[in-house]
Each structure stands twice: as structure tokens, then as C-alpha cells.
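Fold and contact review
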There are 2 protein chains.
Amino acid sequence: MMIQPFDDTYFMKRAFQEAEMAFEKGEIPVGAVIVIDNKIIARGHNLTQTLNDVTAHAEMQAITAAANFLGGKYLQNCTLYVTLEPCQMCAGALYWSQISHIVYGARDLDRGCINLKTKLHPKTTIRGGVMEDEASELLKRFFIQRRNLN
Amino acid sequence: MMIQPFDDTYFMKRAFQEAEMAFEKGEIPVGAVIVIDNKIIARGHNLTQTLNDVTAHAEMQAITAAANFLGGKYLQNCTLYVTLEPCQMCAGALYWSQISHIVYGARDLDRGCINLKTKLHPKTTIRGGVMEDEASELLKRFFIQRRNLN
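Residues numbered from 1 in each chain as written. Chains lettered and ligands numbered in written order. Predicted model: local features only at pLDDT ≥ 70, side-chain atom pairs only at ≥ 80, totals over all residues. Heavy atoms only, no water.

Let us now look at the interface of chain B and chain A. Counting from both sides, the interface comprises 26 residues of chain B and, opposite them, 26 residues of chain A. Summing both partners gives a buried area of about 2,400 Å² for chain B against chain A, and 60% of it is carried by carbon and sulfur. Where chain B touches chain A, the interface holds 0 salt bridges. For the pair chain B and chain A, the number of links is 13 residue pairs in polar contact (both at pLDDT 80 or more). Mapped onto the side of chain B that touches chain A, the elements with two or more residues apiece are helix H2 (58-70) and helix H3 (88-97) of chain B. Class assignment for the residues of the side of chain B that touches chain A results in 10 nonpolar, 12 polar and 4 charged. (Contact = heavy atoms within 4.5 Å. Buried area = accessible area lost by both parts, 1.4 Å probe. Salt bridge = Lys/Arg side-chain N within 4 Å of Asp/Glu carboxyl O. Polar contact = N/O pair within 3.5 Å; in protein donor to acceptor, adjacent residues only side chain to side chain. Helix = DSSP H or I, 4+ residues; strand = E, 2+ residues; numbered from the N terminus. Nonpolar A, V, L, I, M, F, W, Y, C, P; charged D, E, K, R; others polar.)

Have a look at this one:
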């Protein structure tokens with residue numbers, strides 16, 4: 001059997017490292033990486049509190065950084081790994097980016113793009129549930145800590 | 001009869017000035033301003049080509065600038081004037097911002113938030129058709145010019 005070091009779990013763990021960085025800053029812990037040909041070309045973590053900016057979601061920063069790296073705004077052949085299901089804003093940005101694949105961890109039933117039926121680009125596939133339990137656990141840990149601090 | 005200098009047309013014309021700036025840069029001409037208490041606190045125009053970034057819509061930049069001006073990320077009591085109906089991404093960002101009012105010019109039947117049913121914040125009102133003909137005309141002029149250049 002071939003060993004495949006670069007699988008979904010490998011890249012989702014890198015997204016988790018970003019989420020942990022958000023956690024340490026007191027941000028809702030969501031992290032993302034964008035990958036092309038098994039190489040991470042962009043990273044991002046939620047910075048909405050730090051930057052006082054509702055648009056500063058992990059995915060938005062990763063999209064901007066990936067386009068910057070590629071020198072073009074379309075993210076064809078790229079895969080986004082993100083620890084939480086994208087919201088309408090991020091899914092809307094991903095629509096414009098024409099990204100090839102979206103892989104997410106925890107589901108967001110109330111504010112995620114699946115239940116809110118945000119339109120994705122016809123060239124984009126989306127799949128959730130990769131390290132879902134760990135992603136939910138991290139979010140729960142954050143909200144419990146925040147409640148205890150208030 | 002009281003003269004009211006600061007009406008929807010007044011502020012939409014300011015959004016148009018932004019759209020014209022986008023036009024001159026070869027960008028799809030969309031402009032936006034954000035207003036609180038009859039004062040413009042933020043401006044933006046589409047820069048997706050210039051910045052190589054699908055997230056650089058007029059509204060996104062205005063949202064970030066307004067939050068920066070206010071020192072907080074929520075845009076309560078603010079009104080966004082934008083020459084084109086917001087897309088899913090921008091409407092999704094406006095959802096997070098809890099902005100009070102959205103006023104737009106031209107409709108975008110295919111990619112706008114109305115037909116795509118993007119969820120807005122319950123505190124937000126949205127109204128279109130302000131200077132709609134002028135906004136459509138500007139967009140048409142841009143696409144005709146671009147076709148002739150190619």
C-alpha cells in the first residue's frame with residue numbers, strides 16, 4: 001500500500017493550527033488553508049475582533065492571500081480546507097473565486113452556506129465532516145471559556 | 001415645504017462618483033458610500049482587477065472603512081448606498097455588520113442577493129431602484145466599451 005502523507009486530514013490539521021492561533025487571540029477559533037498540488041499557498045484565521053472587521057473571516061484572508069500568491073484572482077485547481085462550514089459571505093467569495101474544492105470540518109446549521117443555500121460556482125465541489133468532532137470541540141471549548149470569563 | 005438636501009438621490013450620486021472612479025480604472029463600475037446621521041463615513045469602489053482579489057467589491061471596502069471610522073464592527077444606524085444590488089458575498093458581510101439600511105440602484109437578477117435569497121440581518125431593511133436607470137446605463141456603457149476594446 002502506498003503511503004499518502006498529504007491527505008485531507010493532513011491539510012485539515014494545518015487549518016486547525018490556524019484556528020488555534022485565533023483561539024489564543026480571543027477570536028472565535030476558525031482557521032483555513034488553501035492548497036494547490038499538495039502545497040499550502042495561503043493561510044488565514046479569524047481576526048474579526050482584532051481588526052474590528054466583520055469581513056476578516058479565515059477564508060476571506062486565505063482567498064486574498066492565495067490570489068496574491070498565484071498572481072491571479074481565480075483559484076482553479078485549489079482546495080480550501082476550513083475548520084468550520086463557510087458562511088454566506090465566505091461562500092459568496094468562494095463563488096467568485098471559482099475554487100475547485102471546499103473541504104470543511106464542523107457544520108454550521110444556522111449560519112452556514114449549506115442550509116442557507118448560498119450558490120457556489122458550478123465548478124466547485126464541497127464536502128464537510130473532516131475532523132468534525134475536533135472542530136466542534138474546539139469551538140465549544142472557546143465558548144465555554146468566554147462564558148466563564150464574562 | 002422644507003428643503004431636504006440630504007435625500008437618497010444625494011447619497012446615491014456620491015456612490016456614483018465612486019462607480020465612475022472604478023470605470024476609469026477599467027473596473028466594473030460599482031460604487032458605494034456608507035452614511036450615518038447624513039454624514040458619509042466610508043466610500044468604496046470595485047477594485048477586483050486592480051487588486052487581483054475577488055473580495056475587493058465596493059461594499060466590502062466600505063464596510064471595512066466604516067467599521068474603522070466607528071471603532072466598532074457593527075454598523076447600526078448606518079445606511080449603505082450602492083449603485084448595484086449586492087451579491088451574496090457582500091450581502092453576507094452586511095448580515096454580519098447588522099447594518100440598518102441598504103439602498104441600491106440597479107438590480108442584478110442573476111447574481112444579486114434578492115433572487116439568490118441571501119439572508120440579511122433581521123434589523124436590516126433593503127430597498128432598490130434608486131437611480132436604477134442611470135446605474136444600468138453606466139454598467140452597459142462599460143461592457144460595450146470593453147467589448148469594443150477586445
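Now for the sheet that holds strand S5 (residues 125-127) of chain A. Residues and elements named next belong to chain A. The strand order across the open sheet built from 5 strands is S2-S1-S3-S4-S5, with neighbouring strands paired in mixed fashion. The sheet terminates laterally at strand S2 (39-45) and S5, the two strands that pair on one side only. With strand direction ignored, the average angle separating the axes of adjacent strands in the sheet is 15°. As defined by bridge partners, strand S4 (residues 101-106) adjoins S5 across 3 bridges and the pair is classed as parallel. Across the sheet, residue Val103 finds its bridge partner in S5, namely Arg127. Here helix H2 (residues 58-70) sits on the sheet and contacts strand S1 (31-36), S2 and strand S3 (79-84); the angle it forms with S2, its principal contact strand, is near 145°. (Pairing = 2+ DSSP bridges. Axes fitted to C-alpha atoms, helices over the stretch in contact; angles between N-to-C directions.)

Another point: the pattern of salt bridges. As enumerated under the stated definition, the model contains 6 salt bridges over all chains in all. Across the pair Arg141(A) and Glu20(A) runs a salt bridge whose closest N-O atoms are separated by 3.6 Å. A residue pair is termed long-range when its members are at least 10 positions apart, and Arg141(A) in helix H4 (residues 132-149) and Glu20(A) in helix H1 (residues 8-24) qualify at 121 residues. Looking at Arg141(A), the relative accessible area reads 43%, which means it is partly exposed. Take Glu20(A): its relative accessible area is 30%, and that puts it in the partly exposed class. Of the charged contacts in the structure, one is a salt bridge between Arg127(B) and Asp8(B), with a shortest N-O distance of 2.5 Å. Of this pair, Arg127(B) sits in strand S5 (residues 125-127) while Asp8(B) is found in helix H1 (residues 8-24), placing the two residues 119 residues apart along the sequence. (Buried < 20%, exposed > 50% of the residue type's maximum accessible area, 1.4 Å probe, protein only.)

Let's shift gears to the UniProt feature "active site" (unreviewed entry) in chain A. All names here are of chain A. The positions that UniProt labels "active site" (unreviewed entry) are, in the present scheme, Glu59. Examined against the element boundaries, Glu59 turns out to sit in helix H2. Relative accessible area serves as the criterion here: at 3%, Glu59 is assigned to the buried category. (UniProt positions renumbered as here; feature names shortened; annotations may be inferred.)

What follows covers the packing of aromatic side chains. Tallied over the full model, the rule gives 14 aromatic pairs over all chains. On the basis of an interplanar angle of 80° and a centroid distance of 5.2 Å, the ring pair of Phe142(A) and Phe143(A) is categorised as edge-to-face. Relative to Phe11(B), the ring of Tyr10(B) has its centre 5.0 Å away and its plane inclined at 85°; by these criteria the two rings are edge-to-face. The exposure class assigned to Tyr10(B) is partly exposed, which follows from its relative accessible area of 30%. Put simply, the rings of Phe6(A), Tyr10(A), Phe11(A) and Tyr81(A) touch in pairs and so form one group of aromatic residues. (Phe/Tyr/Trp six-rings, centres within 6.5 Å; stacked < 30°, edge-to-face > 60°.)

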